[in-house]
Amino acid sequence: TFARANMRRMRVGDLCLFYHSSAGPKGTGVVGTVAVVREAYPDPADEAWVCVDVAFRSRMHTPLLLSELKALAQQPEGAPIADLVLFRQSRLSVQPVPAASWDFIVGGKAHSTA
């Protein structure tokens with residue numbers, strides 16, 4: 001699967017957005033960042049899958065909700081996030097985030113335009 005392939009490409013030190021995906025409309029969104037501390041290894045519960053270990057890096061002061069991200073992506077200032085896989089495959093649990101999108105989300109630009 002696409003998610004499993006993305007996990008296998010992760011390397012120690014890669015930074016990731018931590019996203020609550022099942023928190024309902026008022027809670028689903030980016031809540032912080034983590035760093036990969038152990039690369040993909042077989043999932044002990046199902047060896048067809050893999051696990052990646054991560055460590056906490058930072059917490060967003062205010063979660064950036066999916067609804068806010070979608071609204072921003074429709075505006076000219078939201079161009080850096082307009083093509084996120086998240087908007088085309090919302091059920092995909094592990095997705096690549098281009099550098100410009102990362103900077104927009106983590107750098108605070110998303111909050112300043114929301």
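Fair warning: this is a prediction, and the values are worked out from it, not measured in the lab. (Residues numbered from 1 in each chain as written. Predicted model: local features only at pLDDT ≥ 70, side-chain atom pairs only at ≥ 80, totals over all residues. Heavy atoms only, no water.)

**Re the sheet that holds strand β2 (residues 29-43)**
Stage number 1. With respect to topology, three strands assemble into an open sheet ordered β1-β2-β3, the strand pairing being antiparallel. At either margin of the open sheet sits one strand with a lone partner, and together these are β1 (15-20) and β3 (46-65). Neighbour-to-neighbour, the strand axes of this sheet turn through a mean angle of 40 degrees, independent of strand direction.
Stage number 2. Bridge count between β2 and β3: eleven bridges; the pairing is antiparallel. Each residue of the ladder has a partner; that of R38, found in β3, is D53.
Stage number 3. Helix-sheet contacts for helix α1 (residues 2-9) involve β2 and β3, and the interaxial angle to β3 is about 80 degrees. (Pairing = 2+ DSSP bridges. Helix = DSSP H or I, 4+ residues; strand = E, 2+ residues; numbered from the N terminus. Axes fitted to C-alpha atoms, helices over the stretch in contact; angles between N-to-C directions. Contact = heavy atoms within 4.5 Å.)

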